[in-house]
Amino acid sequence: MGKLSGRVALVTGSGRGIGRAIALAFAREGARVGLTSRSNSELEAVASNISASGGETFIATADLLDGAAVKRMVADTIGHFGRLDILVNNGGGIVGGGGTSMHALTHDDALFERNLFLNLTSTYYATRAALPQMVQQDYGRVIFIGSGYSNHGGGGIAYTAAKHGVVGLARALAYQVPPTITVNTLCPGWTRTKLVDFDRIAAGRGITAQAAEALIAGDNIQKRILDPEELGPMAVLLASEDAKAITGQMISVDGGFRV
């Protein structure tokens, strides 16, 4: 029996990176897992991986920039499995091409709004759709995926604002749900995902990609960039019965990012 046997989880942005790693970790612990992103291709590979180990999945594609689609994604997952115990609000990223359109003094207004929606507002819609089922079951785990920029500056203004907002949303929600439902934020630091583009970072600083990677690794105590799989064990803990006393917290798995 795994730590999540009998539970149903929905992980947004689970086709790759941290979301994929968490979905696979949940499946290894016995959870049935709803997988979601904008397209099926990456999700099908994750589903095949889980199925090969005897696990069960459900694919629900959704554009996180569409609130109605986000709500429908949650409803479809509940409809398929008949319950929902764990929601991981992982999907997000950066909308826009960078450059002057993302600089504080020349930021494109529409891009600012879209980045807030993708990284913050979409998590509200998903959680709002999931909570009634969790209340009915008298059990729930909501995990927001934050960032090293959830409690630091230095990132893009829209992304950083959204990731700070995620922590505030989680803490406010923790006060307003029954005690059988926990709400926490799990914050990675620099992690090897498609969001971390060393070539782009290098171009912006006028250095090589190798130098950019070394510079970034120096942002944490361990002087390294984490792999997505290193987030899995903490996500499993927060999703489990063992974490019933952990709520309203921001927990970092980041190698000691800017402590």
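Cut-offs used in this document
- Residues numbered from 1 in each chain as written.
- Predicted model: local features only at pLDDT ≥ 70, side-chain atom pairs only at ≥ 80, totals over all residues.
- Heavy atoms only, no water.
- 1 Å grid on protein atoms, 1.4 Å probe; cavity = no way out; pocket = protein on both sides within 12 Å on 5 of 7 lines; lining within 4 Å.
- Points joined across faces, edges and corners; volume = space filled by probe spheres on them.
- Helix = DSSP H or I, 4+ residues; strand = E, 2+ residues; numbered from the N terminus.
- Nonpolar A, V, L, I, M, F, W, Y, C, P; charged D, E, K, R; others polar.
- Buried < 20%, exposed > 50% of the residue type's maximum accessible area, 1.4 Å probe, protein only.
- Pairing = 2+ DSSP bridges.

Draft legend 1. Here's a closer look at empty space enclosed by the protein. Counting across every chain of the model gives 1 cavity of 30 Å³ or more. Around the largest cavity, the lining residues are Thr12, Leu64, Val70, Asn89, Asn90, Gly91, Ser122, Thr123 and Ala126. Here the element with the most residues in the lining of the largest cavity is helix 4 (residues 109-137); it accounts for 3 residues. Grouping the constituent residues of the lining of the largest cavity by class yields 3 nonpolar, 6 polar and no charged.

Draft legend 2. The arrangement of unusual backbone geometry in detail. Of note, the phi angle at Lys223 is positive, near 55 degrees, even though the residue is not glycine. Its place among the elements puts Lys223 in the loop between helix 7 (209-217) and helix 8 (232-239). Residue class for Lys223 comes out exposed when judged on its relative accessible area of 54%. Backbone geometry at Arg258 places phi at a positive 50 degrees, although glycine is not the residue there. According to the relative accessible area criterion, Arg258 is partly exposed, its value standing at 33%.

Draft legend 3. Representation of the pairing of strand 5 (residues 140-145) in the model. A large share of strand 5 lies buried, amounting to 6 of its 6 residues. Side chains of strand 5 alternate between two faces, with Gly140, Val142 and Phe144 and Arg141, Ile143 and Ile145 buried alike. Sheet topology note: the strand 5/strand 6 (residues 181-188) ladder contains 6 bridges and is parallel. Its bridge partner lying in strand 6, Ile143 is registered against Asn184.

Nothing here speaks to function; it is all geometry.
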